[in-house]
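# Reading the structure
The lines below spell out each chain.
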Amino acid sequence: MGWWLWWTWIWTSLSWAHPMSSSLHGHEVQLYLEGDRVEIRYAAEIPTARYLQQLKTAPEMDQGGAEAQAAFDAAFLQDLEWGLSLRVDGEAVNWKRIDPSGPTRRVDERFAIYQLWISAELPAGAQSLNFLNGNLDGDPAYFSSTVYAAPEIRVDASSLLDVDQGKVIRDRSNSWILDDSLREIRLRFAVVESAAASAE
């Protein structure tokens, strides 16, 4: 089955994962919001020991080799995609997959990391967005979520921020946190005119 070569590749690969316990899953979301579209860069981190067990029992790996690994990767990414939900103004929106920068799969002695990037068009006048990640649930996991808004976007409210009397008292962005509520990102926003457009 070529397991020796495959195992050697695992231990010589590098990846960038959450710095906490290697026995827990990790989920990283980077959400890029523009006036007419949203791009979501999602990464799922699976402890390597669990990943190897999945590989050993996966039907796609019966024959071993690069083709079997590719089939497993395709099936796993499809499962991850099915576990995501995106709604704009309360309505489900269609998205398309886009190619991530770097490899789709990275593996080292701690984690197997799969990247899944999606892009969706926003309807004119959109005001709210809800992204939900239902993947690898049932076990504690670390989450890191960050929202990047283009200059023409004014973010009025975000589930990543705790606000009291108009002041941000806690920002959970861009930090690895053991908090299942971070499976969801909720935003309220508006598209505002740029300074150049206003000057005209």
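Keep in mind it's a predicted model, so treat the numbers as computed, not measured.

The rules we used
- Residues numbered from 1 in each chain as written.
- Predicted model: local features only at pLDDT ≥ 70, side-chain atom pairs only at ≥ 80, totals over all residues.
- Heavy atoms only, no water.
- pLDDT = per-residue confidence, 0-100.
- Contact = heavy atoms within 4.5 Å.
- Buried < 20%, exposed > 50% of the residue type's maximum accessible area, 1.4 Å probe, protein only.
- Helix = DSSP H or I, 4+ residues; strand = E, 2+ residues; numbered from the N terminus.
- Pairing = 2+ DSSP bridges.
- Arc of directions from axis to C-beta.
- Polar contact = N/O pair within 3.5 Å; in protein donor to acceptor, adjacent residues only side chain to side chain.
- Phe/Tyr/Trp six-rings, centres within 6.5 Å; stacked < 30°, edge-to-face > 60°.
- Lys NZ or Arg CZ within 6 Å of the ring centre and 35° of its normal.
- Core = buried A, V, L, I, M, F, W, Y, C linked by side-chain atoms within 4.5 Å.

### Section: the confidence of the model for the protein chain
Segments scoring low in pLDDT should not have their predicted coordinates read at a detailed level. In the predicted model, the protein chain carries a mean pLDDT of 85, and 83% of its residues have values of at least 70. A low-confidence stretch, residues 1-15 (pLDDT under 50), is modelled with 25 contacts involving residues beyond four sequence positions or located in other chains. This model gives residues 195-200 a pLDDT under 50, and the stretch forms one contact once residues within four places in sequence are excluded.

### Some remarks on the pairing of strand 3 (residues 84-88)
Here strand 3 shows a clear split, with Leu-84, Leu-86 and Val-88 buried on one side and none of Ser-85 and Arg-87 buried on the other. Of the strand pairs in this sheet, strand 3 and strand 8 (residues 128-133) are connected by five bridges, and their pairing is antiparallel. From the neighbouring strand, Val-88 faces strand 8, where its bridge partner is Leu-129. Note that strand 3 and strand 4 (residues 91-92) share two bridges and pair antiparallel. Directly across from Val-88, in strand 4, lies its bridge partner Glu-91. Where strand 3 folds back onto strand 4 in an antiparallel hairpin, the turn is made up of two residues, including Asp-89, whose phi is positive at roughly 50°.

### Quick word on unusual backbone geometry
Phi at Asp-89 is positive, roughly 50°, even though this residue is not glycine. Along the chain, Asp-89 falls in the loop between strand 3 and strand 4. By relative accessible area, which is 37% here, Asp-89 ends up partly exposed. The phi dihedral of Leu-136 is positive, around 50°, even though this residue is not glycine. Locating Leu-136 in the fold gives a position in the loop between strand 8 and strand 9 (141-149).

### With respect to helix 2 (residues 48-57)
Along helix 2, the positions that sit buried rather than exposed are Thr-48, Tyr-51, Leu-52 and Leu-55. Along the axis of helix 2, the buried residues cluster in a sector spanning 100°; they form a single face. Across helix 2 from its buried face, at more than 90 degrees, point the exposed residues Ala-49 and Thr-57.

### A look at the side chain of Arg-105
The topology assignment puts Arg-105 in strand 6 (residues 105-107). Polar side-chain contacts of Arg-105 include one of 2.8 Å to the side chain of Asp-73.

### Looking at the side chain of Gln-69
Note on placement: Gln-69 falls in helix 3 (residues 65-82). Side chain to side chain, Gln-69 and Tyr-51 meet in a polar contact 3.2 Å long.

### Regarding the packing of aromatic side chains
This structure, assessed with the given rule, holds five aromatic pairs. Note on Tyr-51 and Phe-72: the rings are 5.9 Å apart at their centroids and 75° apart in plane angle, and the pair reads as edge-to-face. One end of the pair, Tyr-51, is in helix 2; the other, Phe-72, is in helix 3, with 21 residues separating them in the sequence. Looking at Arg-41, its charged tip hangs above the ring of Tyr-32, at a distance of 4.4 Å from the centre.

### Some remarks on the nonpolar core
Membership of the largest hydrophobic core comes to 37 residues, with the highest contact counts inside it found for Leu-31, Leu-33, Val-38, Leu-129 and Phe-131. For this core, the secondary structure elements donating two or more residues are strand 1 (25-33), strand 2 (37-47), helix 2, helix 3, strand 3, strand 7 (111-121), strand 8 and strand 13 (184-191). When neighbours within four sequence positions are excluded, Phe-131 is seen to be in contact with Val-29, Leu-31, Ile-40, Leu-84, Ser-85, Leu-86, Arg-183, Glu-184 and Ile-185. Counting five residues, the second largest nonpolar core, distinct from the first, contains Ala-141, Leu-160, Ile-177 and Leu-182.

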